Structures are given as structure tokens and as C-alpha cells.
Amino acid sequence: MHTAIDIVASAITWIGIRVNKEAQAALIGGIILCGIGVFIAFESMTKIFEAAEIQFQVVALITIVINIAVNGFFAFYKFYVGGKTRSISLIADAYHTKTDIWSSVAVLVGLLGATMGFFLFDALAGAVVSLFILFGGYELISESKKVMQGEDPKMEKFSKFLEGHIKVLPDRGAFVSLWFFNLQTMTKEDNLEHVKNGFGRRFPIGLEDKDYEAIYAKLEKDHLVESVQDKLRLTDKGRQELKMLAEKPVATDIGIQRMFLDTRKIDWYAEGV
């Protein structure tokens, strides 16, 4: 039902674009979503107080697991392509797909509970899904009002994604650049080429020249490298910085925490060498 509603909402938006009434169509879609969300919430609450036995086949579990996997892939892929191309629409859609994943997880928990005889879990899952639908409806209504007022809500989500990654760029970029200097002395131009090949292709955001300059600004400002016969090498402070950055966790706005240093990443970053 949730997925079908998404299709209906998208269809209404498409019609709105065709007749040049996108904001008004989104408003109507949001109202419809809220109405259906209230209906599902009511039905779920009824089942919570009077749990009903449900019958289903294993295919139901398989279907929802596939749904979670597919949505997970598309959320990641939209974030990846949206970041690389700096696409406002793709990033906004990626956030929406990410929300759908949690809705499906709630259904999976409900089904697993029902297989063990806890039919209340299925009703609770329905209530949770209704909240996601209500939230989606509210978001559509809110965004449509912003569009009518001349704002761009998609830009807000894109800015959140962009700022979250650009914020950690100097540290992550400095780590990779210092790593290459740790392997061998080289010119700034050679180091930049390696950083672009090994790091730039995998950074979540498509980097511009000014972004790379921000990386080297940190190296120069903090005296992490020194010039020797027209080439650059690490200073003692640079080696300490490399060690510190290797142990530093990084959080992005899409909720992923990673450590800087692991074997796979070193292999990736070292491709330029």
C-alpha cells in the first residue's frame, strides 16, 4: 500500500508538471497521503486492541526482504550519482527512498513476529507504516507550500548532503594526500594527480578544483609537508597528523560512520601510485 501510494503521489506530481501546476498537485497528493495514513492507522489500532490471526506464505517474507535490498541499493546509488553529478533532484529522491527502507523494515518485523505467533507485531508494524505515510504526506504539503512561496525544498536537502561531506573533505583529503607523501617524495602536481585518481573518484561528492585547493591549504597551513629539491615530503608533524587522521571516525549526513584507515581503502587510494 505504501509503495502504491508513492506511485500515485508521483503520478499526481507528473500531471502537475504537465499542466504547470506542480506545487498544487503536490499539495493534493499530500492530502491524499495523510488521508490514507489515517485510515491505515485506524485499522492498525483496531487490530492492536483485538489482534487477528493472519495467514501468509514464506513468499511474503522473501518479498519484503527483496524490497528492502532493492530500496537500499537505489538509495545508495541515488546518493552516489546525485553526489557525483551534484544533482538536487536525485539527492532529494534518495532521502525519500531511504525512508521507504525503514517502512519495509517495520513490515519485516511484523511478519517475523506473526510467524512466531505474536500477531500483535503485525498490527504494530501497520501503525508504524501509517506514521511513515503521514510523514510523507506532511512533507509533500509542507514542500508544496514552500514552492508556492518561491522556495526550493529540494535545494535544502541537497545543501544538507553537500555540506555534510564538504565539511569532512579537508581531513579526509589531507589523510589521502599525506598517505601518498608517506609512500614517496613527489611534486604537488604528482600528488594531486594521485589524489584525484585514488580519492576523487570515490569521494561521495564530485570534487572541483577549489575543493582540492582546500585540501592543500590545510597541508600548507599546518606545516604538514616540506619542500626538498623541488619535491614535497612529510614533516614529523605530518606523520603525527597522518597517524591521528587514520584513527579518526567520520560521520556523514546519511548516517554512516567509517574509520579512515583499512586495507581496502588503502588499496583504493594507492591506485594512483
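Q: Quick rundown of the overall build of the chain? Include the residues and the values.
A: Counting secondary structure elements, the chain contains 10 helices and four strands. In the chain, buried positions account for 41% of the 273 residues. Excluding contacts between residues fewer than 6 apart, the proportion of contacts in the chain whose partners are at least 24 apart in sequence is 69%. Approximately 15600 Å² of the chain is accessible, and the part contributed by carbon and sulfur atoms is 62%.

Q: Any details on the packing of helix 6 (residues 153-183) against helix 8 (residues 209-221)? Residues and values, ideally.
A: It is at 8 Å that the axes of helix 6 and helix 8 come closest, and there the two elements cross at 65°. Our classification of the angle between helix 6 and helix 8 gives roughly perpendicular. When the axes of helix 6 and helix 8 are compared, the crossing they make is right-handed. Residues Ile 166, Leu 169, Pro 170, Asp 171, Gly 173, Ala 174, Ser 177, Leu 178 and Phe 181 of helix 6 form the contact with helix 8, whose participating residues are Asp 211, Ile 215, Tyr 216, Lys 218 and Leu 219.

Q: Describe the confidence of the model for the chain, naming the residues involved and giving the relevant values.
A: Low pLDDT means the predicted coordinates in that region are not meant to be read closely. Averaged over the chain, the pLDDT score is 80; the fraction of residues at 70 or greater is 88%. In this model, residues 251-264 is a region of pLDDT below 50 whose contacts with residues beyond four sequence positions or in other chains number 32 contacts.

Q: An account of the pairing of strand 1 (residues 225-228) is requested, with residue identities and associated values reported.
A: Regular strands place side chains that alternate from one sheet face to the opposite one. Of the strand pairs in this sheet, strand 1 and strand 2 (residues 231-234) are connected by four bridges, and their pairing is antiparallel. Counted as the bridge partner of Ser 227 is Leu 232 from strand 2. Between strand 1 and strand 2, which follow one another and run antiparallel, lie two residues, and Gln 229 among them has a positive phi close to 55°.

Q: Break down the pattern of salt bridges for me, citing the residues and quoting the values.
A: Taken as a whole and judged by the stated rule, the model has 15 salt bridges. Note that Glu 156 and Lys 146 form a salt bridge whose closest N and O atoms lie 3.2 Å from each other. Of this pair, Glu 156 sits in helix 6 while Lys 146 sits in helix 5 (residues 120-148), and the two are 10 residues apart along the sequence.

Q: Mind laying out helix 8, listing which residues take part and the relevant values?
A: Within an α-helix, residues lying three or four positions from one another point in the same direction, as the helix has 3.6 residues per turn. The end-to-end C-alpha distance of helix 8, which contains 13 residues, comes to 18 Å, matching closely the 18 Å that a straight helix rising 1.5 Å per residue would cover. The complete set of buried residues in helix 8 reads Asp 211, Tyr 212, Ile 215, Tyr 216, Lys 218 and Leu 219. Looking straight down helix 8, one finds that the buried residues subtend no more than 145° of arc, so they occupy a single side. Residues of helix 8 that are exposed and angled more than 90 degrees away from the buried face: Asp 209, Lys 210 and Lys 221.

Q: Just give me the short version of the side chain of Thr 97, but keep the residues and values in it.
A: In this structure, Thr 97 sits in helix 4 (residues 88-115). For Thr 97, a relative accessible area of 5% gives the class buried. Thr 97 has contacts with Asn 71, Phe 74, Ala 75 and Lys 78, leaving out every residue within four places of it along the chain.

Q: Can you explain the packing of helix 6 against helix 9 (residues 236-246)? Please cite residues and give values.
A: Interaxial distance between helix 6 and helix 9 falls to 9 Å at its minimum, and their mutual angle equals 125°. Between helix 6 and helix 9, the crossing angle belongs to the class labelled oblique. In terms of crossing hand, the pair formed by helix 6 and helix 9 is left-handed. Across the interface between the two elements, Asp 171, Ala 174, Phe 175, Leu 178, Trp 179 and Asn 182 of helix 6 pack against Gly 238, Glu 241, Leu 242, Leu 245 and Ala 246 of helix 9. Its residues assigned to classes, the contact of helix 6 with helix 9 comprises seven nonpolar, two polar and two charged.

Q: Tell me about unusual backbone geometry, and name the residues and values.
A: A positive phi angle, near 55°, is found at His 223, a position not held by glycine. Mapped onto the fold, His 223 is located in the loop between helix 8 and strand 1. Of note in the backbone geometry, Gln 229 takes a positive phi value of approximately 55° without being a glycine. Note that Gln 229 resides in the loop between strand 1 and strand 2.

Q: Describe the side chain of Ser 130, listing the residues and the values that go with them.
A: Structurally, the position occupied by Ser 130 is in helix 5. A residue is classified by how much of its surface remains accessible, and Ser 130, at 1% relative accessible area, is buried.

About the criteria used
Residues numbered from 1 in each chain as written. Predicted model: local features only at pLDDT ≥ 70, side-chain atom pairs only at ≥ 80, totals over all residues. Heavy atoms only, no water. Helix = DSSP H or I, 4+ residues; strand = E, 2+ residues; numbered from the N terminus. Buried < 20%, exposed > 50% of the residue type's maximum accessible area, 1.4 Å probe, protein only. Contact = heavy atoms within 4.5 Å. Areas by Shrake-Rupley, 256 points an atom, 1.4 Å probe, with all protein chains shown as cover. Axes fitted to C-alpha atoms, helices over the stretch in contact; angles between N-to-C directions. Parallel < 35°, antiparallel > 145°, perpendicular 65-115°, else oblique. Left-handed = near helix turned anticlockwise from the far one by under 90°. pLDDT = per-residue confidence, 0-100. Pairing = 2+ DSSP bridges. Salt bridge = Lys/Arg side-chain N within 4 Å of Asp/Glu carboxyl O. Expected span 1.5 Å × (residues − 1). Arc of directions from axis to C-beta. Nonpolar A, V, L, I, M, F, W, Y, C, P; charged D, E, K, R; others polar.

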